[in-house]
Amino acid sequence: MFWAMPVRDVLVVIGNELLEATMPFRSRGFEYLAHRPLIESYFRADPGMRWEAAPKPRMTETSYRPGFWGEYEALPYEEQIARVRAGELVLTEAEPLFDAADIARCGKDLFVQRSLATNTAGIRWLRQHLPEHRVHGVTFESAHPMHIDATWVPLRPGLVLHCAEPPTERELLQYLKANDWQVVQAATPGRQAPPPLSVCSRWLSMNVLVLAPGTVCVEASETAQMEQLDHLGFEVVPVPFWDVAPFGSGLHCATLDVHREGTLEDYFPKRSGRF
Ligand code: ARG
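The rules behind these values
- Residues numbered from 1 in each chain as written.
- Predicted model: local features only at pLDDT ≥ 70, side-chain atom pairs only at ≥ 80, totals over all residues.
- Heavy atoms only, no water.
- Pairing = 2+ DSSP bridges.
- Helix = DSSP H or I, 4+ residues; strand = E, 2+ residues; numbered from the N terminus.
- Axes fitted to C-alpha atoms, helices over the stretch in contact; angles between N-to-C directions.
- Salt bridge = Lys/Arg side-chain N within 4 Å of Asp/Glu carboxyl O.
- Buried < 20%, exposed > 50% of the residue type's maximum accessible area, 1.4 Å probe, protein only.

1. A look at the sheet that holds strand 11 (residues 215-219)
Overall, mixed pairing links the three strands, which are arranged 10-11-12 in an open sheet. Every interior strand has two partners, whereas the edge strands, strand 10 (209-212) and strand 12 (235-239), have only one. Going from strand to strand, the sheet's axes swing by 30 degrees on average, the running direction of each strand aside. Looking at chain direction, strand 10 and strand 11 are connected through three bridges and run antiparallel. Each bridged residue has a counterpart across the sheet, and for V210 the counterpart in strand 11 is V216.

2. Observations concerning the pattern of salt bridges
Across all of its chains, the model carries 17 salt bridges by this definition. Put simply, R105 and D257 hold a salt bridge, and the shortest N to O gap is 3.0 Å. Note that R105 is positioned in strand 4 (residues 103-106) and D257 in the segment after strand 12, a separation of 152 residues in sequence. Look at R105 and you get partly exposed, because its relative accessible area is 23%. Take D257: its relative accessible area is 22%, and that puts it in the partly exposed class. The residue R274 makes a salt bridge to E171 at a minimum N-O spacing of 3.7 Å. Remark: E171 occurs in helix 6 (residues 170-178) and R274 occurs in the segment after strand 12; sequence separation between them is 103 residues. Of the residues examined, R274 reaches a relative accessible area of 43% and is grouped as partly exposed. Classification of E171 by relative accessible area gives partly exposed; the value is 27%.

See the structure below:
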């Protein structure tokens, strides 16, 4: 159960709905069960709650490209990125697959990263499941894309924090610009190396948790990230969390916003490109 801590990978809250993701890793297939006692308590307490689960995947051999890793790791970076853009990574399109942590929510717009954990069928399933929302498949030019929340983090209406390493598609940036959103390059992480053991990058520094409008929790050792958010007008709450990183998570991945207020907003009234 190494992975079971980052609840954000398994569950996503959209409006009054709590949705269990399919997850594509065989080793994580039963992880939703760890959260069920809590989910059941929310269900008992709140008659307005929608509790949904995406179709449990079969995860047979047909869901994974045979021999992917050996072949992929031998490719030069440019060819890997071409595969990322084409969505030709380890997952096939045999069944819908997604991790909840590949979803970034901005009101009506959901940006879903195609990654090692999310295929196009998974994004399509989300689109059909959430007809009130605009579900956009997006890619970032990482050779190992997985989980959007150490790459692209909405901070408040009109502002996204982006580590720009990997860069994203020009069309997505244009969509944000057309709607007067600002994309801020995240501060350089304090650490040079990723956390030991985990599959995370050092960009966990920007895996911040917006607790309330204007209040953001940041890992306590990431002083540059804290200062940047302070200058952007946030109240910054330092939380010592680096010792958790080896288990695959920063503050955003390890938390879930189950108690929420507000209504569904449209922050992107203007269409642009494919968006
Ligand atoms: N690929 C991300 C990184 O570069 C993983 C962040 C972990 N996120 C998560 N939801 N578990 O660090």
